[in-house]
Amino acid sequence: MNTRLTSPHALVLALATAGVIGAVGAGAYTSAVSAPTNATPIAAAPAMVTLPDFSTITTRDGPAVVNISVTGSVKEPDAEAAAEMQGIDPDDPMFQFFRRFQGQMGPRGQQRDVPVRSQGSGFIVSPDGLIMTNAHVVKGAKEVTVKLTDRREYRAKVLGADAKTDIAVLKIDAKNLPTLALGNTKDLKVGEWVLAIGSPFGFESTVTAGVVSAKGRSLPDDSYVPFIQTDVAVNPGNSGGPLLNTRGEVVGINSQIYSRSGGYQGVSFAIPIDVAVQVKDQIVATGKATHARLGVAVQEVNQAFADSFKLDKPEGALVSNIEKGGPGDKAGLKAGDVIRKVDGQPIVSSGDLPAVIGQQTPGKKVTLEVWRQGERQELSARLGDASDKPTQVAKADSAAGQGKLGLALRPLQPQEKREAAIENGLLVEDVAGPSAMAGVQAGDVLLAINGTPAKSLEQVREVVAKADKSVALLIQRGEDKIFVPVRIG
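Because the structure is a prediction, the values reported are computed rather than measured.

J.: Help me out: how do you make sense of the overall build of the protein chain in this one?
T.: From N to C terminus, the protein chain includes 12 helices and 28 strands. Considering the protein chain as a whole, with its 489 residues, one finds that 43% of them fall into the buried category. If you take every contact in the protein chain between residues at least 6 apart in sequence, the share linking residues at least 24 apart comes to 62%. Here the protein chain displays about 25500 Å² of accessible surface, and carbon together with sulfur accounts for 50% of that area.

Listed below in structure tokens is the structure:
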């Protein structure tokens, strides 16, 4: 900053911004520095905002946060055994080259147990030694050691771990332990101050703070969890530690970071405590957690899809594929339906659906509000068990381009229908223009357009002629079915 400070007023503001002195209200400032006689009167300043007292929270709640050390093993291809089978001497310089790349070039099936050591964090939720942490912290563990802030160490038993939500519950043989109070994620607000305590890189009892950046985030590999996003500095070793609000209540469990370097880059994610407690209670009661499934593949509703299906805004989960005989199929769901609510709970993005369904109990009956052919409908579905077959989330290519559809289509031959296991469809022989830019490929099978089955070329032309800005093509590519939005207006 090169600006020259020429007045006491400017100096005070600069120092306050830099954090050298405390900020003061306008009234307090004018009492300390005389204002010019011709100065414009200054309006009364708003009440000064008090920052959270992180030291008090840390002193009071820090003892309930623990360090977790894990020893175990993982299965790894045995390079030495594989190399010997290839006739390579371990002393040969090429052996290390082979060892490095044998996962690609060596024989399969040669595996060995490789010892691993890892560290994480956790927190005590009951005085008799019940501890919550991440499932990935104790994955493959043969021995788990819990270290308290007073340096006492205990051998811990893993009561259960749920990979779908990344929650694990441990038990140590102790009494009268300090515990953390559990909060409510529903009351958590974006922009609210939060605090993390954990052991990043093994540095125990490390405290970092920030704000809630967003709620209900869906991550590609963790569709059962509506994550809390924060800018709290979280690094390897923080996993499993608590995310606390300014009252010292646990609102989340730190689980993941978004990083290109492997370290903190400003974006971290925590599992909502509501989800974690539900899983914890199941593990304590039965040793495992169960999740429900609907048996459908869904994808995001963008503006092009909203235009195609005549939705007022791009919200909901677009059903692209349905498991035959699954809960969604039995409920009457069809490809092209947009699920907008589950038991009255809004589905804004496609990731909301598996998160909402996954937290339900298998066998529960739910009411689905769907948008079909421009009309709102309600369906009733009895949910299945996610351990049988997980819900899939399909990904669609983005739409682009203008003009006509740009597809060369022909009816499928009877043999082609049998091989593809479909009753109706048109084979894409050539693709150009907006369809090509949207990601449609030659060899794809067009199953439906704007929810109307593609039975003939004339039918496709009629739908395109009536469309305004875009059309939604249901495409089968191999065994996958996805919707592709194509701009035509």
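J.: Help me out: how do you make sense of the environment of G241 in this one?
T.: Inspection of the secondary structure assignment puts G241 in the loop between β10 (222-230) and β11 (242-244). Through-space distance from the C-alpha of G241 to that of A196 is 7.1 Å; in sequence the pair is 45 residues apart. Beyond its immediate chain neighbours, meaning those up to four positions away, G241 contacts S121, G122, F123, I197, G252, I253 and N254.

J.: Looking at this structure, I do not really get the nonpolar core. What am I missing?
T.: Across soluble globular proteins, nonpolar side chains show a tendency to be buried alongside one another. In this structure, F123, M132, I167, L180, L244, I253 and I271 are the most contacted members of the largest nonpolar core, which totals 26 residues. Only β2 (111-126), β3 (130-133), β6 (167-171), β8 (193-198), β10, β12 (249-257), β13 (268-272) and α6 (273-286) provide two or more residues apiece to this core. At five residues, the largest contribution of residues to this core is made by α6.

J.: Help me out: how do you make sense of the pairing of strand β28 (residues 480-487) in this one?
T.: Sheet faces and side chains relate simply in a regular strand, where the side chains alternate between the two faces. By the bridge criterion, eight bridges tie strand β27 (residues 470-477) to β28 in an arrangement that is antiparallel. Directly across from L473, in β28, lies its bridge partner V484. What sits between the antiparallel neighbours β27 and β28 is a turn of two residues, in which G478 has the positive phi angle 70 degrees.

J.: Can you walk me through the pattern of salt bridges in this structure?
T.: Opposite charge on two side chains makes pairing possible when the charged atoms of those side chains draw close. Enumeration over the complete set of coordinates arrives at 16 salt bridges. Here R60 makes a salt bridge to D61, at a shortest N to O gap of 3.1 Å. In this structure, R376 and E369 form a salt bridge, with 3.2 Å as the shortest nitrogen-oxygen distance. The class of R376 is partly exposed, set by a relative accessible area of 48%. Taking relative accessible area as the criterion, E369 reaches 15% and is therefore assigned buried.

J.: I keep staring at the side chain of S349 and nothing clicks. Help me out?
T.: Summarising the element assignment, S349 is placed in the loop between β18 (345-346) and α9 (352-358). Once you skip the residues sitting within four places of it in the chain, S349 turns out to touch S218, E300 and G316.

J.: Quick question: what am I supposed to make of the packing of aromatic side chains here?
T.: Each aromatic ring pair is specified by the distance between its two centres and by the angle formed by the two planes. A complete count under the given rule lists five aromatic pairs for this structure. Note on F305 and F309: the rings are 6.3 Å apart at their centroids and 35 degrees apart in plane angle, and the pair reads as tilted. Ring centres of F309 and F483 lie 5.9 Å apart, and the angle between their planes is 80 degrees; this geometry places the pair in the edge-to-face category. Note that F309 is positioned in the loop between α7 (303-308) and β16 (317-322) and F483 in strand β28, a separation of 174 residues in sequence. Of the residues examined, F483 reaches a relative accessible area of 1% and is grouped as buried. Here the aromatic residues F305, F309 and F483 are joined through ring pairs into a cluster of three or more.

J.: So what exactly am I meant to see when it comes to the environment of G316 here?
T.: With respect to the helices and strands, the residue G316 is situated in the loop between α7 and β16. It is 6.2 Å that separates the C-alpha atoms of G316 and V301, two residues lying 15 residues apart in sequence. Aside from chain neighbours lying at most four places away, what touches G316 is V301, V338, I339, I347, V348, S349 and S350.

J.: Any chance you could explain unusual backbone geometry here in plain terms?
T.: Note: most peptide bonds trans; most residues except glycine with negative phi. A positive phi angle, close to 60 degrees, is found at K310, a residue other than glycine. Relative to the helices and strands, K310 resides in the loop between α7 and β16. On the basis of relative accessible area, K310 is assigned to the exposed category, the value being 61%. One non-glycine residue, Q373, lies in the positive phi region at around 50 degrees. For Q373, the location among the structural elements is in the loop between β19 (365-372) and β20 (375-382).

J.: Even after reading the chapter, I still don't get the pairing of β13, so can you show me in this structure?
T.: Of all the five residues making up β13, five are buried; the element is thus mostly covered by neighbouring parts of the structure. As defined by bridge partners, β12 adjoins β13 across five bridges and the pair is classed as antiparallel. Bridge assignment links Q256 to a residue of β13, and that residue is F269.

J.: Explain the confidence of the model for the protein chain to me, please; I cannot follow it from the model alone.
T.: Reading fine detail from the predicted coordinates is not recommended where pLDDT is low. Here the protein chain averages 81 in pLDDT, and 78% of its residues register 70 or above. A low-confidence stretch, residues 101-109 stays under pLDDT 50, and its non-local contacts, those more than four residues away or across chains, total 11 contacts. Here residues 390-403 is modelled with pLDDT under 50, and outside its nearest four sequence neighbours on either side it reaches 41 contacts, counting other chains as well.

J.: Can you walk me through the environment of L379 in this structure?
T.: Among the secondary structure elements, L379 is positioned in strand β20. Once residues lying within four places of it in the same chain are set aside, the contact partners of L379 are A331, G332, L333, V366, T367, L368, V370 and R372.

Here is what the cut-offs are and how they apply
Residues numbered from 1 in each chain as written. Predicted model: local features only at pLDDT ≥ 70, side-chain atom pairs only at ≥ 80, totals over all residues. Heavy atoms only, no water. Helix = DSSP H or I, 4+ residues; strand = E, 2+ residues; numbered from the N terminus. Buried < 20%, exposed > 50% of the residue type's maximum accessible area, 1.4 Å probe, protein only. Contact = heavy atoms within 4.5 Å. Areas by Shrake-Rupley, 256 points an atom, 1.4 Å probe, with all protein chains shown as cover. Core = buried A, V, L, I, M, F, W, Y, C linked by side-chain atoms within 4.5 Å. Pairing = 2+ DSSP bridges. Salt bridge = Lys/Arg side-chain N within 4 Å of Asp/Glu carboxyl O. Phe/Tyr/Trp six-rings, centres within 6.5 Å; stacked < 30°, edge-to-face > 60°. pLDDT = per-residue confidence, 0-100.

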